[in-house]
Amino acid sequence: MTTKRRKFSSGTRHNLFAYGLLFPSFIFLTMFTFYPTLKSIQLSFYSGPMTRLQFSGLDQYKEVLADEIFRKVILNNIIFMIGTVPTSLFLAMYLAIWLNKKMAGSSLLRTSFFYPTIIPLIAVANIWLFIYTPQYGLLDNFLHLFGAGDTNWLGNPNTVMIVMIVMIIWKDAGFYMIFYLAGLQNLPRDVYEAAEIEGAKPLQMFRHITFPLLMPTTLFVMIVAITNSFKNVDHLYIMTKGGPDNASNLLLYHIYEAAFTNWDLGKAAVLTVILIVIMLGITAFNYLYLDRKIHY
Amino acid sequence: MKKLNYGIIIVLGIISFIPLLWVIITSFSPGNQVINGGFPFWVSNPTVENYVKAWETAPFIQYYINTFVIVFGVLIVQLFTITLAAFAFARVNFKGKNVLFILFLLQLMIQPEILLFPNYQVISQLGLVNTKLAVMMPYWASAFGVFLLRQTFKQVPYDLDEASRIDGCKWYQTLWHVYIPSAKPTYIAFALVSVSHHWSNFMWPLIITDSVESRPLTVGLALFAQSYETGAQWGMVAAGTVMVIMPLVVAFFIFQKQFVSSFMHSGIK
């Protein structure tokens, strides 16, 4: 028996019907995605205050690209990405593999790793600000046990990035873990059974079966994690304001400063365009390169 | 080998739990205890004084109301817009479908979060700066929601759709009686992700609001925390922090399975 697939014919009436359905979404996409994106591109070629804008070509791009703070911020963001993404992915996969097995307390442990996901980043920053406070903070209190002195973790340009990275790994690893748990549920049992009969060791099974089969999950989570490393900057507002001396500043927070502290609109527009290009680049990399290499 | 790994995981699990435990304990500690030292996970004379003071110092009730209005104001409009758009993409053939789909895709890459600066200008041109409406509007279209729901709608059997039409249902009746009920798990997943996301949102409301009447909890908490950064006031800041995260944490512990599966669901392409 064949089921006749009935779809709407693509006559004008159905076109209008579909456009009508899309219209509500489309208004807001236009107002808050398309228009602002184009507006940023346009503004990036103009300088001066809002009321007396003057065309300045690529001047502002040159200025921004030559700016030492900008270079530092981009470098910071790359360090932040390299510091957070691989470690939290590794941790997420490690936790998922061991917590996937049924054992007493595994659901309790999963909870303990996942709950930071639902806590707002700004509240996380408050909590970790206390943890990192010199002398009275939890970390220094703990290190006192080993005879260590007081450390100004957030006030020292050499340590500030590291402690931020640790905090973000704590917040995000559990979130990525659940994607791995989902991925593990879908792995074929028979392959493992076959490998076991062949006498494969656990580590070999991981290397040759689990890890490759989890690759789609890893790539998906990697894209999410990279995007997050450019998108989530709330903690800077509470913890460091990007300091000391821009040592912890990130691109989106730098845009916030340019636009709303220094009111340098041209610069904010240029920085926004750069961030948009980075975001599009990440997605393009994902769809054009990774998707072709990996077969789902 | 096995024991070692479980050992490591248990230690990590305890470490992961410490920040929440510690902030709760600190919120019940008297002001001087933090400075005087002592074991940080024990309060010899717990007090609710910090909560009382925090509650009196900052208008948390108003902030709670604002956050509720914002979070549900975002969700309700989103549910409306994504349902219609997902239905169009899943079940109608029309000219320009692929182009429009790609345009929707763009919002997944260029999310409102990174358009802080130009979106401020849009809101300011609309004359809506410092309103709750301004906090909500950029999120009223959700490409993420549309994709999630489109996948679900596509799985609804055509036969059901057809049957309802033969019974004389108009398209909106079919949508209401066939599609929406069968997508219930997707709606719940989307709602949980949306609510927890907007409850946590900070940078956008920070720049777009400037009064007690429109400010959400996150921004209120940040301003409150900034005025009391010295150690002596930790208890108060901790109390404020606990008040902000508690509704989410309690909801999470009660509906844990639902939360986890919703967030998991949200990641499936």
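Quick notes on the rules
- Residues numbered from 1 in each chain as written.
- Chains lettered and ligands numbered in written order.
- Predicted model: local features only at pLDDT ≥ 70, side-chain atom pairs only at ≥ 80, totals over all residues.
- Heavy atoms only, no water.
- UniProt positions renumbered as here; feature names shortened; annotations may be inferred.
- Helix = DSSP H or I, 4+ residues; strand = E, 2+ residues; numbered from the N terminus.
- Rg over C-alpha atoms; globule rule 2.2 N^0.38 Å.
- Buried < 20%, exposed > 50% of the residue type's maximum accessible area, 1.4 Å probe, protein only.
- Areas by Shrake-Rupley, 256 points an atom, 1.4 Å probe, with all protein chains shown as cover.
- Lys, Arg positive; Asp, Glu negative; His and termini not counted.
- Charge placed at Lys NZ, Arg CZ, Asp CG, Glu CD.
- Contact = heavy atoms within 4.5 Å.
- Axes fitted to C-alpha atoms, helices over the stretch in contact; angles between N-to-C directions.
- Left-handed = near helix turned anticlockwise from the far one by under 90°.
- Nonpolar A, V, L, I, M, F, W, Y, C, P; charged D, E, K, R; others polar.
- Buried area = accessible area lost by both parts, 1.4 Å probe.
- Salt bridge = Lys/Arg side-chain N within 4 Å of Asp/Glu carboxyl O.
- Polar contact = N/O pair within 3.5 Å; in protein donor to acceptor, adjacent residues only side chain to side chain.
- Phe/Tyr/Trp six-rings, centres within 6.5 Å; stacked < 30°, edge-to-face > 60°.
- Lys NZ or Arg CZ within 6 Å of the ring centre and 35° of its normal.
- 1 Å grid on protein atoms, 1.4 Å probe; cavity = no way out; pocket = protein on both sides within 12 Å on 5 of 7 lines; lining within 4 Å.
- Points joined across faces, edges and corners; volume = space filled by probe spheres on them.
- Core = buried A, V, L, I, M, F, W, Y, C linked by side-chain atoms within 4.5 Å.

- Per an unreviewed UniProt entry, the recorded name for chain B is sn-glycerol 3-phosphate transport system permease protein, and the organism is Cytobacillus firmus.
- The Subcellular location (unreviewed entry) field of the UniProt record for chain B holds the comment "Cell membrane".

- Named according to an unreviewed UniProt entry, chain A is Carbohydrate ABC transporter membrane protein 1 (CUT1 family) originating from Cytobacillus firmus.
- The heading Sequence similarities (unreviewed entry) in the UniProt record of chain A holds the text "Belongs to the binding-protein-dependent transport system permease family."

## Side note on the overall build of chain B
- Counting its regular elements, chain B contains 15 helices and 0 strands.
- Taken against the 2.2 N^0.38 rule, which gives 18 Å for 269 residues, the C-alpha radius of gyration of chain B at 23 Å runs more than 25% over that of a compact globule.
- Expressed along its principal axes, the backbone C-alpha trace of chain B runs to roughly 75 × 60 × 30 Å.
- Out of the 269 residues in chain B, the part that is buried amounts to 56%.
- Surface accessibility of chain B: about 11600 Å² in total, with carbon and sulfur atoms responsible for 68%.
- Here chain B contributes 15 positively and 10 negatively charged side chains, and the mean placements of these two sets differ by 12 Å.

## A few points about the overall build of chain A
- In terms of regular secondary structure, chain A is built from 13 helices and 2 strands.
- In terms of overall size, chain A is more extended than a compact globule, its C-alpha atoms giving a radius of gyration of 24 Å where 296 residues would be expected to give roughly 19 Å.
- With the C-alpha coordinates of chain A rotated into their principal frame, the extents come out at 80 × 75 × 30 Å.
- Pairs at least 24 apart in sequence give 65% of the contacts found in chain A among residues at least 6 apart.
- On chain A, roughly 14500 Å² of surface is accessible, and the fraction owed to carbon and sulfur atoms is 63%.
- Between the centroid of the 22 positive side chains of chain A and the centroid of its 16 negative side chains there is a distance of 14 Å.

## Here's the deal with the UniProt feature "transmembrane region" (unreviewed entry) in chain A
Residues and elements named next belong to chain A.
- Sequence positions flagged by UniProt for "transmembrane region" (unreviewed entry) are, in local numbering, residues 16–35, 78–100, 112–131, 160–182, 211–230 and 268–290.
- Spanning residues 16–35, this segment combines 100% helix with 0% strand, and its end C-alpha atoms are found 23 Å apart.
- In the segment residues 112–131, helix accounts for 70% and strand for 0%; the C-alpha atoms at its two ends are 18 Å apart.

## Some words on the packing of helix α1 (residues 12–43) of chain A against helix α4 (residues 60–91) of chain B
- The geometry of α1(A) relative to α4(B) is characterised by a closest axis approach of 8 Å and an angle of 145 degrees between their N-to-C directions. Judged by the twist between their axes, the crossing of α1(A) over α4(B) is left-handed. For the pair formed by α1(A) and α4(B), the contact residues are Phe17(A), Ala18(A), Leu21(A), Leu22(A), Pro24(A) and Ser25(A) on the first element and Phe80(B), Thr81(B), Ile82(B), Leu84(B), Ala85(B), Phe87(B), Ala88(B) and Phe89(B) on the second.
- Along the lines of polarity and charge, the residues of the contact of α1(A) with α4(B) split into 12 nonpolar, 2 polar and no charged.

## Re the interface of chain B and chain A
- Every contact between the two is made by 92 residues of chain B and, on the other side, 94 residues of chain A.
- Of the roughly 8700 Å² buried at the junction of chain B and chain A (both faces included), carbon and sulfur atoms supply 77%.
- Our enumeration of links across chain B and chain A arrives at 0 salt bridges.
- Where chain B meets chain A, there are 14 residue pairs in polar contact (both at pLDDT 80 or more).
- Broken down by element, the side of chain B that touches chain A gets its largest block of residues, 15 residues, from helix α1 (residues 2–27) of chain B.

## Description of the packing of aromatic side chains
- Within the structure shown, the criterion is met by 46 aromatic pairs over all chains.
- Residues Trp22(B) and Trp234(B) carry aromatic rings whose centres are separated by 5.9 Å and whose planes lie at 85 degrees to one another, so their mutual orientation is edge-to-face. Of this pair, Trp22(B) sits in helix α1 while Trp234(B) sits in helix α14 (residues 234–254), placing them 212 residues apart in sequence.
- Relative accessible area serves as the criterion here: at 4%, Trp22(B) is assigned to the buried category.
- The rings of Tyr19(A), Phe26(A), Phe34(A), Phe89(B), Phe94(B), Phe101(B), Phe104(B) and Phe147(B) are connected pair by pair, giving a single aromatic cluster.
- Over the aromatic face of Trp98(A) sits the side chain of Lys101(A), whose NZ or CZ is 4.2 Å from the ring centroid.
- Taking the ring centre of Tyr237(A) as reference, the NZ or CZ of Lys241(A) above it sits at 3.6 Å.

## Focus on the UniProt feature "transmembrane region" (unreviewed entry) in chain B
- The positions UniProt marks with the feature "transmembrane region" (unreviewed entry) are residues 7–25, 63–87, 99–117, 129–149 and 234–255 of chain B.
- End-to-end, the C-alpha atoms of residues 129–149 of chain B are 32 Å apart, and along that stretch the chain is 57% helix and 0% strand.

## A few points about empty space enclosed by the protein
Residues and elements named next belong to chain A.
- On inspection of all chains with the given rule, the structure shows 4 cavities of 30 Å³ or more.
- Going through the elements one at a time, α3 (68–99), α7 (160–185) and α10 (215–231) are the ones with two or more residues in the lining of the second largest cavity.
- Looking at the lining of the second largest cavity, its residues break down into 6 nonpolar, 5 polar and 2 charged.

## What about the nonpolar core?
- With 190 residues, the main nonpolar core has Trp128(A), Tyr132(A), Met177(A), Ile238(A), Met239(A), Phe60(B) and Phe153(B) as its most contacted residues.
- Of the residues forming this core, the biggest block, 18 residues, is contributed by α7(A).
- Those residues in contact with Tyr132(A) that lie beyond four places of it in its chain are Leu139(A), Thr151(A), Trp153(A), Leu154(A), Val163(A), Val166(A), Met167(A) and Met239(A).

## Describing the pattern of salt bridges
- Evaluated as defined, the whole model comprises 4 salt bridges over all chains.
- Asp67(A) serves as the salt-bridge partner of Lys267(A), at 3.5 Å between the closest nitrogen and oxygen. Linking Lys267(A) in helix α13 (residues 265–293) with Asp67(A) in the loop between α2 (59–66) and α3, this pair joins segments that are 200 residues apart in sequence.
- Put simply, Glu49(B) and Lys53(B) hold a salt bridge, and the shortest N to O gap is 3.7 Å. With Glu49(B) and Lys53(B) both in helix α3 (residues 49–57), this residue pair falls 4 residues apart, about one helical turn.

## Quick look at the side chain of Asn201(B)
Residues and elements named next belong to chain B.
- In this fold, Asn201 is placed in the loop between α11 (184–200) and α12 (203–208).
- The exposure class of Asn201 is buried, given its relative accessible area of 11%.
- A polar side-chain atom of Asn201 sits 3.0 Å from a polar atom in the side chain of Tyr139.
- Among residues more than four places away in sequence, those in contact with Asn201 are Tyr139 and Thr218.

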